[in-house]
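These are the residues of each chain, in order.
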Amino acid sequence: MIYRRLGRTNLQVSEVGFGGEWLERHDEAYSVELIRHAHAQGINIIDCWMPDPKSRSIIGKAIADCRDEWFVQGHIGSTWQNGQYVRSRDMAHVVPAFEDLLERIGGGYIDLGMIHYIDSEEDWQNAMSGPFIEYVHRLHDRGIIRHIGLSTHNPVMAKRAVETGFVEMILFSINPAFDMHPATEDLMDLLGGDFDESLSGIDPQRASLYQLCEQRDVGITVMKGFFGGALFDANRSPFGVTFTPAQLIHYALTRPAVASILCGYDTCEQIDQAVAYETATPDERDYASVLASAPMHGYMGQCTYCGHCQPCPMEIDIAMVNKLYDLAVQQETLPQSLREHYRNLPHNAADCVGCRSCESNCPFGVKIAERMAKAAKLFG
């Protein structure tokens, strides 16, 4: 397993994580074994947005003997009322729900205290003014939550969170279908549907979010990376093609600022499938060829950082240069941190000889030589 730094939390989290959403639909012993099997494969981060006592108890029992080897995303504002999940900012429900989470998970702390699920301006105002956010900061000041995070599906709200300065990481929904669709649409309507022909490339709001997170050192963990399994089925996929777990994991992990993708599992075999990403070949990880051959997509001319352009005869990491360039051009002035990162590359855009061998490999027709010339000029 490879571990990545989760932004300025400095936590080293497994690239492949555990999304706990489906734990409650199995008996307790089975689900406990799923988590223990994941731990044995090197997975060390798990999300617990679920408020139901069964799911929380399963996680607590599974990690009890190795609590300090797990990073738990525990959500504040996810409550259990009359046997049902309710998202709430009402402190009469928020406080007991979080205290229940703390007790069931064990250890006396939550690694990543997640402001739960803010997708609208109205909910942002409800959460960020008054007793709810005061409670979050109080938990953080006391060390009960070690880092403050936030979960959302909306890139506009995610950017608001990053700009607060106190949110250290976000849990965000990322997959190729979501990235192509505007945040204002109902993303679930994509199931079995077609993309609007006017769509082209990654939605600008989402692209700018990833860039902002990279700039501000706010780490991202990924939810809904498999689109609920719809992307495994050409008949349900909005692209009309089938992806594999390795391809979708690689897609998520190649977005700027992403540290871990939290996959949902029903079986140990599914865990093994996801973890097999770490030993997958470049061909097995190659989502770009699938997208490029899809009857419906709008990625032409846009770098997706897939690495398909390699190998470069000058040994330039083209995807990384493109990523740094895309981050840099969003800024009024070039940040020193990006300049240093660029200069620390063993080979950079200035080494490009314009052979264009990379362009013949690129499935999206990106004019790479032109971008290398622009990057070399920008970074000086």
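Look above for the structure.
Residues numbered from 1 in each chain as written. Predicted model: local features only at pLDDT ≥ 70, side-chain atom pairs only at ≥ 80, totals over all residues. Heavy atoms only, no water.

Engineer: Please explain the packing of aromatic side chains as it appears in this structure.
Structural biologist: Given two aromatic rings, one states the distance between the centres and the angle between the planes to describe the pair. Throughout the structure, instances matching the rule amount to seven aromatic pairs. Taking 5.0 Å as the distance between ring centres and 80° as the angle between the ring planes, the aromatic pair formed by Trp49 and Tyr85 counts as edge-to-face. Taken together, the residues span a long stretch of sequence, with Trp49 in the loop between β4 (45-48) and α2 (53-63) and Tyr85 in strand β7 (residues 84-87) at a distance of 36 residues. Judged by its relative accessible area of 32%, Tyr85 is partly exposed. An angle of 10° between the planes, with centres 4.1 Å apart, marks the rings of Tyr342 and Phe379 as stacked. Of this pair, Tyr342 sits in helix α14 (residues 336-343) while Phe379 sits in helix α16 (residues 368-379); the two residues are 37 residues apart in sequence, bridging distant segments of the chain. (Phe/Tyr/Trp six-rings, centres within 6.5 Å; stacked < 30°, edge-to-face > 60°. Helix = DSSP H or I, 4+ residues; strand = E, 2+ residues; numbered from the N terminus. Buried < 20%, exposed > 50% of the residue type's maximum accessible area, 1.4 Å probe, protein only.)

Engineer: Explain unusual backbone geometry here, please?
Structural biologist: If a residue is not glycine, its phi is most likely negative; likewise, a peptide bond is most likely trans. The residue Tyr117 is not glycine, and still its phi comes out positive at about 55°. Relative to the helices and strands, Tyr117 is located in the loop between β8 (110-115) and α4 (121-128). Judged by its relative accessible area of 26%, Tyr117 is partly exposed.

Engineer: I keep staring at the nonpolar core and nothing clicks. Help me out?
Structural biologist: Generally speaking, soluble globular proteins have nonpolar side chains that are buried together. Among the nonpolar cores identified, the biggest contains 87 residues, and Phe18, Ile35, Phe98 and Ile220 are the most heavily contacted of them. Among the nonpolar cores identified, the runner-up in size contains 23 residues, and Cys312, Tyr325, Leu338 and Ala375 belong to it. (Core = buried A, V, L, I, M, F, W, Y, C linked by side-chain atoms within 4.5 Å.)

Engineer: It is not clear to me how the layout of surface pockets should be interpreted in this structure. Could you clarify?
Structural biologist: Remark: the empty space left among the atoms is shown by a probe the size of a water molecule rolled over them. Approximately 880 Å³ is the volume attributed to the largest pocket. In this structure, the largest pocket is lined by 36 residues; those nearest its centre are Glu21, Trp22, Lys224, Gly228 and Gly264. Elements with a minimum of two residues in the lining of the largest pocket: β12 (258-264) and α10 (268-275). Residue composition of the lining of the largest pocket, by class: 18 nonpolar, 12 polar and six charged. (1 Å grid on protein atoms, 1.4 Å probe; cavity = no way out; pocket = protein on both sides within 12 Å on 5 of 7 lines; lining within 4 Å. Points joined across faces, edges and corners; volume = space filled by probe spheres on them. Nonpolar A, V, L, I, M, F, W, Y, C, P; charged D, E, K, R; others polar.)

Engineer: Help me understand helix α3 (residues 91-105), please; the structure alone is not making it clear to me.
Structural biologist: Since there are 3.6 residues in each turn of an α-helix, residues three or four apart along the chain are aligned in direction. If you check α3, its first and last C-alpha atoms are 21 Å apart, about what 15 residues at 1.5 Å a residue would give, namely 21 Å. Residues of α3 that are buried: Met91, Val94, Ala97, Phe98, Leu101, Leu102 and Ile105. For α3, the angular spread of the buried residues around the axis is 140°, confining them to a single face. Exposed positions of α3 whose direction lies more than 90 degrees from the buried face are Ala92 and Glu103. Its side-chain oxygen 3.0 Å from the backbone nitrogen of Ala92, Asp90 forms the N-cap of α3. Directly after α3, the chain includes Gly106, whose backbone phi takes a positive value near 90°. (Expected span 1.5 Å × (residues − 1). Arc of directions from axis to C-beta. Polar contact = N/O pair within 3.5 Å; in protein donor to acceptor, adjacent residues only side chain to side chain.)

Engineer: How should the pairing of strand β6 (residues 78-81) be read in this particular structure?
Structural biologist: The side chains of a regular strand alternate, first on one face of the sheet and then on the other. Taken together, the four bridges between β6 and β7 define a ladder with antiparallel strand orientation. Counterpart to Gln81 in the pairing with β7 is Gln84. The hairpin turn running from β6 into β7, its antiparallel successor, is two residues long, and Asn82 in that turn takes a positive phi close to 55°. (Pairing = 2+ DSSP bridges.)

The values reported here are purely geometric and, on their own, carry no functional implication.
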